[in-house]
Amino acid sequence: MTLAPPNSALAGVGLTDASYCATCGIRRTSLCGALTVEEMSLLSPIARHKRLPAGQTFSFQGEESTAFANIEAGVAKLVRGAADGRTQIVGLLFQSDFLGSAALPQAPNEEPHSIIAVSDLDLCVFPRKPFETLVADHPTMENALLRRCVSELNLARDWMVLLGRKTAGERVASFLYYVAQKLQGRGCQPGEGFDLPLDRSEIADYIGLTTETVSRQITNLRKARVIELSTARHICRVDMEALKARTGF
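A quick note: this is a predicted structure, and the numbers were derived from the prediction, not measured. Along each chain, residue indices are assigned from 1 in the same order as the chain's sequence is written. pLDDT decides what is reported in this predicted model: residues at 70 or higher carry local features, side-chain atom pairs at 80 or more are listed and counted, and totals for whole chains, interfaces and linings draw on all residues regardless. The side-chain values count all of the structure's non-hydrogen atoms but skip hydrogen atoms and water molecules.

## Some remarks on the packing of helix α3 (residues 128–137) against helix α4 (residues 139–165)
Step number 1: Where α3 meets α4, the closest approach of the two axes is 5 Å, and the angle between their N-to-C directions is 105°. Considering their axes alone, α3 and α4 lie roughly perpendicular with respect to each other. Note on element contacts: α4 touches α3 through Pro 139, Met 141, Glu 142 and Leu 145, opposite Phe 131, Leu 134, Val 135 and Asp 137.
Step number 2: Split by residue class, the contact of α3 with α4 holds 6 nonpolar, no polar and 2 charged. To obtain each axis, a line is fitted to C-alpha atoms, and for helices this fit is confined to the stretch in contact; angles are then taken between N-to-C directions over 0 to 180 degrees. The numbering of helices and of strands both runs from the N terminus, where a helix is a DSSP run of H or I of at least 4 residues and a strand a run of E of at least 2. In what follows, roughly perpendicular refers to angles from 65 to 115 degrees, roughly parallel to angles under 35, roughly antiparallel to angles over 145, and oblique to any angle outside these ranges. Residues are treated as being in contact if the distance between any of their heavy atoms lies within 4.5 Å. Put simply, Ala, Val, Leu, Ile, Met, Phe, Trp, Tyr, Cys and Pro go in the nonpolar bin, Asp, Glu, Lys and Arg in the charged bin, and everything else, Gly too, in the polar bin.

Listed below in structure tokens is the structure:
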């Protein structure tokens, strides 16, 4: 199912040269961190830099995959649509994450979900055909992609437990802990604040609760001094150990 008209969000992408790759801030933590100098010299010429504004779509569910990308900055959401028009947020992607598991050999060419920018996204984009050729010729790149797919699979299994067995409080705590962990790995120090990538209704959609329940559970965490909020979307302080204790893990 396609959620929107054909994607034109990648039009006008500028070239990325080797010097840009050499100074890239996410090189070590992204897919490129597993590559040799020779492999990077082959990848750099096909790489393109793209700014994707918040709300725009990188790729649409059901359409043929045309490009892959590393997230240099920003947050994206994965959205799955049903035939009757209902949609479900099924994942979040952060800085250093890779857009497009279809790059693996024998993977279906159709996008399994839509990838939408939650915030402005800075992307390093790779056109599908030349990227797939590089992956097929270089086992290191294929292994790096497989490791990322295994990580995504494990996360999906964790989310199945969250949706099927956890209480409302544990679900909200798990979501906040997951986001805080992802952002702390990208420069946010332990205990420091962060902006929530989703609003209350989107969080509710993601973790299978009502908006009112999400708001009530966040209020409970605030009253227990596990988190402090300066606005509805900004958590200015978080006690990671106390939050982890409430996740049910």
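## Here's the deal with the nonpolar core
Step number 1: Take the buried residues of types Ala, Val, Leu, Ile, Met, Phe, Trp, Tyr and Cys, join any two whose side-chain atoms come within 4.5 Å, and each joined set is a nonpolar core. For each residue, the accessible area found with a 1.4 Å probe, counting protein chains only, is set against the maximum for its type, and the residue is called buried under 20%, exposed over 50%, and partly exposed in between. Judged by nonpolar contacts, the single largest core of 33 residues is most densely connected at Phe 175, Leu 176, Tyr 206 and Ile 207.
Step number 2: Those elements giving two or more residues to this core turn out to be β6 (87–93), α4, α5 (168–184), α6 (200–207), α7 (211–223), β12 (234–238) and α8 (240–245).
Step number 3: Considering each element in turn, this core owes the most residues, 8 residues, to α5.
Step number 4: Residues within four places of Phe 175 in sequence aside, it is in contact with Leu 92, Trp 159, Leu 196, Leu 198, Ile 203, Tyr 206 and Ile 207.
Step number 5: Core analysis: the next-biggest nonpolar cluster, separate from the first, contains 18 residues, Leu 31, Met 40, Phe 98 and Leu 145 among them.

## Concerning the environment of Val 79
Step number 1: Tracing the backbone through its elements, the reader meets Val 79 in strand β5 (residues 76–81).
Step number 2: Looking at Val 79, the relative accessible area reads 6%, which means it is buried.
Step number 3: Taking the C-alpha atoms as reference, Val 79 lies 5.1 Å from Ser 114; in sequence the two are 35 residues apart.

## Brief notes about the sheet that holds strand β8 (residues 114–117)
Across a sheet, strands are paired by hydrogen bonds formed along the backbone, either parallel or antiparallel in direction.
Step number 1: The strand order β3-β8-β5-β6 describes an open sheet built from 4 strands, whose pairing is antiparallel. The open sheet has two edge strands with one neighbour each: β3 (57–59) and β6. Adjacent strand axes in the sheet meet at a mean angle of 30°, parallel and antiparallel pairs treated alike.
Step number 2: Pairing between two strands requires that DSSP report at least two bridges joining them. Pairing of β5 with β6, which is carried by 6 bridges, proceeds in the antiparallel orientation. For Ala 76, the partnering residue across the bridge sits in β6 and is Leu 93.

## Quick look at the pattern of salt bridges
Step number 1: The working definition used for a salt bridge is a side-chain nitrogen of Lys or Arg within 4 Å of a carboxyl oxygen of Asp or Glu. Considering all chains together, one arrives at 8 salt bridges under this definition.
Step number 2: Notably, a salt bridge pairs Arg 128 with Glu 132, separated by 3.3 Å at the nearest N-O pair. Note that Arg 128 and Glu 132 are positioned in helix α3 at a spacing of 4 residues, about one turn of the helix.
Step number 3: Arg 128 gets classed as buried once you look at its relative accessible area, which sits at 5%.
Step number 4: Through salt bridges with shared partners, one network takes in Glu 64, Arg 128 and Glu 132.

## Things to note about the pairing of β8
Step number 1: Residues Ser 114 and Ile 116 point to one face of β8 and Ile 115 and Ala 117 to the other, with burial holding for every one of them.
Step number 2: As paired strands, β3 and β8 are joined by 2 bridges and run antiparallel to one another. Considered in β8, the bridge of Ser 59 is made with Ile 115.

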